[in-house]
Amino acid sequence: MSHPKAMRKKGFYRNQYKIGLPYPNFGIRRDQLPLLCRCFMEGYNFYVTHQQDIPTLYRDGSFGYSNVTLRGPTSLLEGSHETSRYFQKYKSRRATEDVRESSDLKRRLGIDDKSELRDENSKSVDFVTPDKRNGVDEVEEKLILLPEEVIFLSFGVGCLSIQKSVSLDQMTYEEVWKSLVQENEEFPYFYAVYHFFRSKNWVPKAGHQYGGDYVLYQVGPEFYHSTYVVHILGLPSRPRLTWLELHALERVAVSVNKHVLLCEVTPPEGFVVSNSTPRCIFDMEIRETVISRWTPYGRSESQQEDC
């Protein structure tokens with residue numbers, strides 16, 4: 001299948017980043033030790049806090065996103081993120097929200113702006129305001145990972161260890177898989193699609209903002225705009241797509257200069273979700289179909305006469 005040419009991003013982020021590997025440990029030699037990053041699981045949320053693992057996972061494969069910039073980690077931008085219009089807008093909005101929350105708390109406690117709250121030891125406890133903590137500079141940066149990315153990095157690549165955030169108990173990818181399947185019985189279908197496109201060197205990201213399940217990037221979101229909006233078919237909750245839904249999905253994709261890619265997942269006969277493991281994706285059949293909208297505009301006169 002021939003793919004349309006991806007639109008390259010302009011401006012600051014594209015100039016700052018350098019293209020890394022498709023994923024960590026890609027092309028590792030026998031005499032080299034495999035890289036192992038650390039991830040914490042809190043409920044059904046996954047995040048990386050180690051400051052050496054964050055740039056590694058994002059540079060090599062564009063996994064996750066930063067909770068500070070909502071894009072790539074600040075360490076890869078070499079300090080330039082502080083001068084970007086996007087970061088300044090986020091910093092200003094965060095500071096305004098903190099001022100409002102601090103004022104509401106003081107009002108509920110009956111404290112004016114000049115008073116102090118004293119604890120049992122009569123020590124002064126002053127309210128922290130945004131100007132005292134310098135906006136969001138005090139926020140600890142984390143790399144937030146999708147559940148599909150966690151399974152792919154631990155099961156598919158073998159470069160991620162998973163720990164519980166409270167007890168710090170080590171978890172295997174089979175245990176994490178069971179937890180995710182208990183929360184969402186359709187997770188094996190989603191991961192099968194994610195693993196399918198990752199193995200083809202695409203970078204899948206969440207695509208709910210475009211009405212799909214995933215969006216596909218070439219290289220990574222810092223270099224190119226997404227090319228496809230992926231919609232999964234064959235899910236127990238939505239086995240088929242109506243013409244109205246397909247038309248709406250296509251209209252949204254065209255308005256943002258993307259293409260609709262339907263991905264039908266067929267599990268093997270006798271497939272039981274509760275007994276599944278990550279290896280079950282190799283028994284699933286996946287078929288992809290690109291949907292394009294036909295319009296008579298821009299066609300030559302000879303083509304129109306043939307119709």
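Above this text is the structure in question.
Residues numbered from 1 in each chain as written. Predicted model: local features only at pLDDT ≥ 70, side-chain atom pairs only at ≥ 80, totals over all residues. Heavy atoms only, no water.

Student: Looking at this structure, how should I read the packing of aromatic side chains?
Tutor: Two aromatic rings are characterised by how far apart their centres lie and by the angle between their planes. Under the defined criterion, the tally for this structure stands at 16 aromatic pairs. Centre to centre, the rings of Tyr23 and Phe26 are 5.3 Å apart; their planes meet at 85°, and the pair counts as edge-to-face. Between the aromatic rings of Trp177 and Tyr191, the centroid separation amounts to 5.9 Å while the plane-to-plane angle is 85°, which identifies the pairing as edge-to-face. Residue Trp177 is found in helix α5 (residues 173-183), and its partner Tyr191 is found in helix α6 (residues 187-198); the two are separated by 14 residues along the sequence. On the basis of relative accessible area, Trp177 is assigned to the buried category, the value being 1%. Between Lys142 and the ring centre of Tyr47, over which it is positioned, the NZ or CZ distance is 4.4 Å. (Phe/Tyr/Trp six-rings, centres within 6.5 Å; stacked < 30°, edge-to-face > 60°. Helix = DSSP H or I, 4+ residues; strand = E, 2+ residues; numbered from the N terminus. Buried < 20%, exposed > 50% of the residue type's maximum accessible area, 1.4 Å probe, protein only. Lys NZ or Arg CZ within 6 Å of the ring centre and 35° of its normal.)

Student: How do you make sense of the pairing of strand β12 (residues 259-266) when you look at a structure like this?
Tutor: On a regular strand, each side chain points to the face opposite its neighbour's, so the side chains alternate between the two faces of the sheet. The pairing of strand β11 (residues 228-233) with β12 spans 6 bridges and is parallel. The partner of Val230 across the bridge, within β12, is Leu261. With helix α7 (residues 243-255) bridging β11 and the parallel β12, this β-α-β connection has right-handed handedness. As defined by bridge partners, β12 adjoins strand β13 (residues 285-291) across 7 bridges and the pair is classed as antiparallel. Each bridged residue has a counterpart across the sheet, and for Leu261 the counterpart in β13 is Val290. (Pairing = 2+ DSSP bridges. Right-handed = clockwise from strand over helix to strand, strands pointing away.)

Student: How should I be thinking about the side chain of Thr227 in this particular structure?
Tutor: Looking at the secondary structure, you find Thr227 in the loop between β10 (214-218) and β11. Look at Thr227 and you get buried, because its relative accessible area is 4%. Residues contacting Thr227, with those up to four places away along its chain left out, are Pro4, Ala6, Trp202, Leu216, Gln218, Lys258 and His259. (Contact = heavy atoms within 4.5 Å.)

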